[in-house]
Structure formats: C-alpha cells, structure tokens
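Coordinate analysis (summary)
Below, each chain spelled out in residue letters.
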Amino acid sequence: MNANPTAAPVLVRAEQAEVLQDGPTSLITLLADAGATGGALTANRATFEKGSPGAPAHFHTKATEMFFVLDGTMRILVDDEVLTLEKGDFLTVPPTVPHAFAPAPGATGDMLVVFTPGLHRFDYYRLLERVNRGEATVQDIKDSSQTYDNHYFASPVWQASLAEAAAHTAD
C-alpha cells in the first residue's frame, strides 16, 4: 500500500535520461528531480574522467547529500578530511557539512548522487552545462546559490588535495 498517496513511482529509462556535459571531463545524467518525487528526493548520476576537477567545496543548508560509488575511485572532502571511496562505498553528508568531490588521482569515477529531501536542482545542472558551453558565467552560478542551495567556499584542505592530484597526474 502506498503510504503517500500523492507520490507516484518514478521510472527513468537510461536511453531517455537527459545527459549534460557540465565540464570538459564530466557528465551529469538527470534521473529524478524533486517535482517528480513529491519532494522526497533528487537523484543524478555523476561521471568523471581521469583528472576531472569534480565539484568544488560547497555545502547545502536544506538537504542531506548521498554518494554511492558505482565504479572507479572518488576523493570526497567531508569537513576538513579527504576520504577515498571505492566502488560500492556509500557516504551521506548532512546539511551544512562542507564537502567536495573528484576522482582520485589517475582514476575515473561514476557515482549515484541523491539529495533528500529533494531539491529542484535540474536547472542548476543545466546552468553548469551553459557555463561549460560559454553561454553563462561563473558569476551566474554564484548568483544562484540561494535558489539551488549550493553555497561555495574556499577550502585549503580541498585545494591541497587537488594540487596533490595534479602533481600525481603530471608524473
């Protein structure tokens, strides 16, 4: 029995999912936004090539973000610690906890990313693609932080991790 009569099952076939190029070395596959799930969750798949910078340090004030590594190896900043997650590893990051993510040095990464409760984020991902294409600016992303509950900040720990990854790639 459906405990929430206003929510309906959501099925997204792989061939029908919208895929965005949010950077030269990464893709976001849109799976289910808050509007489709009655606000329960938002889900996407994030795929990274070797050397991808991933997502910069940020936090959310309204949702827990969950990461499930489908393939590859990811580095994820949580507060001031950089964790390495392998295929099959799962992590939750509660609201207000700073985090960032990128593939580990020399690795690719493929993750399922879920927010709960759901946030209307698909237009944010589309904005990232427009920035990648040169049709929008980084300032547009900064200006959207309240709308999409994505708050960026400088993290010396994450910057050091990215520099280490870049040095490893240069070897």
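Residues numbered from 1 in each chain as written. Predicted model: local features only at pLDDT ≥ 70, side-chain atom pairs only at ≥ 80, totals over all residues. Heavy atoms only, no water.

Okay, the overall build of the chain next. Helices and strands together make up the secondary structure of the chain, namely 4 helices and 10 strands. The N-to-C order of helical and strand elements in the chain reads β-β-β-β-β-β-β-β-β-α-α-α-β-α. For 171 residues, the compact-globule estimate of 2.2 N^0.38 gives 16 Å, and the C-alpha radius of gyration of the chain, at 16 Å, lies within 12% of that figure. Based on the C-alpha atoms only, the size of the chain along its principal axes is roughly 55 × 35 × 35 Å. For the chain, the residues scored as buried account for 43% of the 171 residues in total. Summed over its atoms, the accessible surface of the chain is roughly 9,000 Å², and 56% of this surface lies on carbon and sulfur atoms. (Helix = DSSP H or I, 4+ residues; strand = E, 2+ residues; numbered from the N terminus. Rg over C-alpha atoms; globule rule 2.2 N^0.38 Å. Buried < 20%, exposed > 50% of the residue type's maximum accessible area, 1.4 Å probe, protein only. Areas by Shrake-Rupley, 256 points an atom, 1.4 Å probe, with all protein chains shown as cover.)

Time to look at unusual backbone geometry. The peptide bond linking Thr116 to Pro117 adopts the cis configuration, its omega dihedral lying at -5 degrees. Its place among the elements puts Pro117 in the loop between β9 (109-116) and α1 (122-133). Look at Asp79: it is not a glycine, yet its phi comes out positive at around 60 degrees. Inspection of the secondary structure assignment puts Asp79 in the loop between β5 (64-78) and β6 (81-86). Even without being a glycine, Asp149 presents a positive backbone phi close to 50 degrees.

In the structure shown here, the tally under the stated rule is 6 salt bridges. In this structure, the salt-bridge partner of Glu18 is Arg126, at a minimum N-O distance of 2.7 Å. In this pair, Glu18 is assigned in strand β1 (residues 18-23) and Arg126 in helix α1, connecting sequence segments 108 residues apart. Residue Glu18 is classed as partly exposed on the basis of its relative accessible area of 32%. With relative accessibility at 26%, the residue Arg126 sits in the partly exposed group. One salt bridge in this structure joins Arg126 and Asp123, with 2.8 Å as the shortest N-O distance. With Arg126 and Asp123 both in helix α1 and 3 residues apart, this pair spans about one turn of that helix. Residue classification places Asp123 among the partly exposed positions, given a relative accessible area of 44%. Overlapping salt bridges, with partners in common, bring together Glu18, Asp123 and Arg126 in one network. (Salt bridge = Lys/Arg side-chain N within 4 Å of Asp/Glu carboxyl O.)

The next thing to look at is empty space enclosed by the protein. Regions of empty space are outlined by a rolling probe, equal in size to a water molecule, passed over the atoms. Scanning all chains against the criterion turns up 1 cavity of 30 Å³ or more. Looking at the largest cavity, the residues that line it are Arg75, Ala102, Pro103, Trp158, Ser161, Leu162 and Ala165. At the level of elements, β8 (99-103) and α4 (156-170) are the ones that each hand at least two residues to the lining of the largest cavity. Residue contributions to the lining of the largest cavity peak at 4 residues, all from α4. Among the residues making up the lining of the largest cavity, the classes are represented as 5 nonpolar, 1 polar and 1 charged. (1 Å grid on protein atoms, 1.4 Å probe; cavity = no way out; pocket = protein on both sides within 12 Å on 5 of 7 lines; lining within 4 Å. Points joined across faces, edges and corners; volume = space filled by probe spheres on them. Nonpolar A, V, L, I, M, F, W, Y, C, P; charged D, E, K, R; others polar.)

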